[in-house]
Amino acid sequence: MKTMKALVKARPEKGLWMQEVPVPEPGINDVIVKVKKSAICGTDLHIYEWDPWAQKTIKTPMIIGHEYMGYIDKVGAGVKNVRPGDRVTGEGHLACGHCRNCRRGKEHVCENTIGIGVNTDGSFAEYVRIPEMNVIPLDHRIPDEWAAIMDPFGNATHTALSFPLLGEDVLITGSGLIGSMAVAIAKFAGARFIVASDLSDYRLEIAKKMGATITVNPSKGEKIADAVKKLHMRGFDVGLEMSGSPKAFTEMISNMYNGSSISLLGILPSNFEVPWSDIIFKAITLKGIYGREMWETWYKMEQMIIGGINLEPVITHRFHIDDFQKGFDAMEEGNCGKVILNWE
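Quick notes on the rules
- Residues numbered from 1 in each chain as written.
- Predicted model: local features only at pLDDT ≥ 70, side-chain atom pairs only at ≥ 80, totals over all residues.
- Heavy atoms only, no water.
- Helix = DSSP H or I, 4+ residues; strand = E, 2+ residues; numbered from the N terminus.
- Rg over C-alpha atoms; globule rule 2.2 N^0.38 Å.
- Buried < 20%, exposed > 50% of the residue type's maximum accessible area, 1.4 Å probe, protein only.
- Contact = heavy atoms within 4.5 Å.
- Areas by Shrake-Rupley, 256 points an atom, 1.4 Å probe, with all protein chains shown as cover.
- Lys, Arg positive; Asp, Glu negative; His and termini not counted.
- Charge placed at Lys NZ, Arg CZ, Asp CG, Glu CD.
- Phe/Tyr/Trp six-rings, centres within 6.5 Å; stacked < 30°, edge-to-face > 60°.
- Expected span 1.5 Å × (residues − 1).
- Arc of directions from axis to C-beta.
- Pairing = 2+ DSSP bridges.
- Axes fitted to C-alpha atoms, helices over the stretch in contact; angles between N-to-C directions.

A.B. asks: Quick rundown of the overall build of the protein? Include the residues and the values.
C.D. replies: Scanning the protein from terminus to terminus reveals 12 helices and 18 strands. Radius of gyration (C-alpha) of the protein: 20 Å, near the 20 Å computed for a compact globule of 344 residues. Along the longest, intermediate and shortest principal axes, the C-alpha atoms of the protein span 65 × 40 × 40 Å. When the 344 residues of the protein are sorted by exposure, 56% land in the buried category. A separation of at least 24 residues holds for 67% of the contacts in the protein among residues at least 6 apart in sequence. Per element, the accessible surface of the protein, about 15,600 Å² overall, is 50% carbon and sulfur. Across the protein, the mean location of the 38 positive side-chain charges is 3 Å away from that of the 42 negative side-chain charges.

A.B. asks: A description of unusual backbone geometry should follow, citing residues and the corresponding values.
C.D. replies: Going from Thr 60 to Pro 61, the amide bond is cis rather than trans, its omega being -5 degrees. Here the residue pair Met 294 and Trp 295 is connected by a cis peptide bond, since its omega of 20 degrees sits within 30 degrees of zero. Along the chain, the position of Trp 295 falls in the loop between strand E16 (285-288) and helix H11 (296-307). Even without a glycine there, the phi angle at His 232 is positive, about 55 degrees. Tracing the chain through its elements places His 232 in the loop between helix H8 (224-230) and strand E14 (236-241). One non-glycine residue with positive phi stands out, namely Ala 283, at about 55 degrees. What makes Ala 283 partly exposed here is its relative accessible area of 48%.

A.B. asks: Residues and numbers for the packing of aromatic side chains, please.
C.D. replies: A complete count under the given rule lists three aromatic pairs for this structure. Ring geometry for Phe 249 versus Phe 272: centroids 6.2 Å apart, planes at 90 degrees, classification edge-to-face. With a gap of 23 residues between them, Phe 249 in helix H9 (residues 246-254) and Phe 272 in the loop between strand E15 (256-264) and helix H10 (276-281) connect regions that are remote in the sequence. Looking at Phe 249, the relative accessible area reads 3%, which means it is buried. A relative accessible area of 18% places Phe 272 in the buried class.

A.B. asks: Can you break down H11 residue by residue, with the values?
C.D. replies: Compared with the 16 Å implied by 1.5 Å per residue over 12 residues, the 16 Å span of H11 between its first and last C-alpha is a close match. Within H11, burial applies to Thr 297, Trp 298, Met 301, Met 304 and Ile 305. Considered in projection along H11, the buried side chains sweep an arc of 130 degrees and stay on one side of the axis. In this structure, the buried residues of H11 make contact with strand E6 (87-90), strand E10 (135-137), helix H4 (144-148), helix H5 (150-160) and helix H6 (177-188). Positioned one or two residues after H11, Gly 308 has a phi angle of 115 degrees, which is positive.

A.B. asks: Can you lay out the environment of Ile 289 for me, pointing to particular residues and giving the numbers?
C.D. replies: Secondary-structure assignment places Ile 289 in the loop between E16 and H11. Ile 289 gets classed as buried once you look at its relative accessible area, which sits at 9%. Considering only alpha carbons, one finds Ile 289 and His 158, 131 residues apart in sequence, at a separation of 7.2 Å.

A.B. asks: An account of the sheet that holds strand E2 (residues 17-22) is requested, with residue identities and associated values reported.
C.D. replies: Strand order in the open sheet made by the three strands is E2-E1-E4, with antiparallel pairing throughout. Edge positions in the sheet fall to E2 and strand E4 (62-63), since each of these pairs with one other strand and no more. As judged from the two bridges shared by strand E1 (residues 3-9) and E4, these two strands associate in the antiparallel manner. Across the sheet, the residue bridging to Val 8 is Ile 63, located in E4.

A.B. asks: Can you break down the sheet that holds E14 residue by residue, with the values?
C.D. replies: What the six strands build is an open sheet, ordered E13-E12-E11-E14-E15-E16; its pairing is parallel. Since the sheet does not close on itself, it has two edges, and those belong to strand E13 (214-216) and E16, each with one partner. Taking each pair of neighbouring strands and ignoring which way they run, the sheet shows an average axis angle of 15 degrees. Across four bridges, strand E11 (residues 170-173) lies against E14 in parallel orientation. Residue pairing in the sheet places Leu 171 in a bridge with Gly 239 of E14. Packing against the sheet, H6 makes contact with E11, strand E12 (194-197) and E14, and its axis sits at approximately 175 degrees to E12. Across the sheet, H9 lies against E11, E14 and E15, angled at about 150 degrees from E15, the strand it touches most.

The following block contains the structure:
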């Protein structure tokens, strides 16, 4: 039996373990991708740390990881549109194809979604198996490292482009990797002013490099309202909530213009007092965001990269897969952007 290296959540406790496991074989409609580069996601960090969400969700042992790029190694007998040697990445949500949402073209909200690296073996391995339907062929103009982070770039794209941005003033609360990529998307899409907030100066520096007009660090006493005054605005037209912080969300609501719109990607707690009266009387539209629209978000990502958007500033650390622990240490410390793990 042929074996491969893989990062496995082998035990229900903090940590990951490099193990030798069997190389997967393709089902009739599957492909096997030989992974070249992986990236560490916040979800992977939750699983590594074995927090309450991970304890409730992950069944051990499991290969984790869902951000990657590589080359097709094998294909199943029913695969028709891709072939061995193709350079690809993959959509990490496996839709059932049969529920009401799937049948009306809304696979991203499939009622039976399975997540690669969460509910089934993932891509922190030399080889990963995915259905042909989930394969994303890569344009030669997309760099390998950018291809490996198209999953979170897709979250940012779905969030940012849910409402028209041309000429609009945009507030982004939470300037981690996805928030900072949303800054670049908003700028690329023609936003007028882009204000980004976060509690980390390190992350705010990345947001500036991505095109933020002004950054705000509430932990230093800075206020979004002061940015509004400085830019001579009446309020924000579009809000992108990436932090999951009740304080950030409340401050966002207070600085939105009447009739504005907010995309919600950050996971807010259920037990805080939502300023509903402000939302209602300002006629604010709220939209929850999950994953990437399949497959329109992927098309938009590709075209933005080909068109010249720059994702390079968000990639701050690179390690060989054998040094994966250094990558997770950097993620835990928080002073990092995207961490790339190389398999070659």
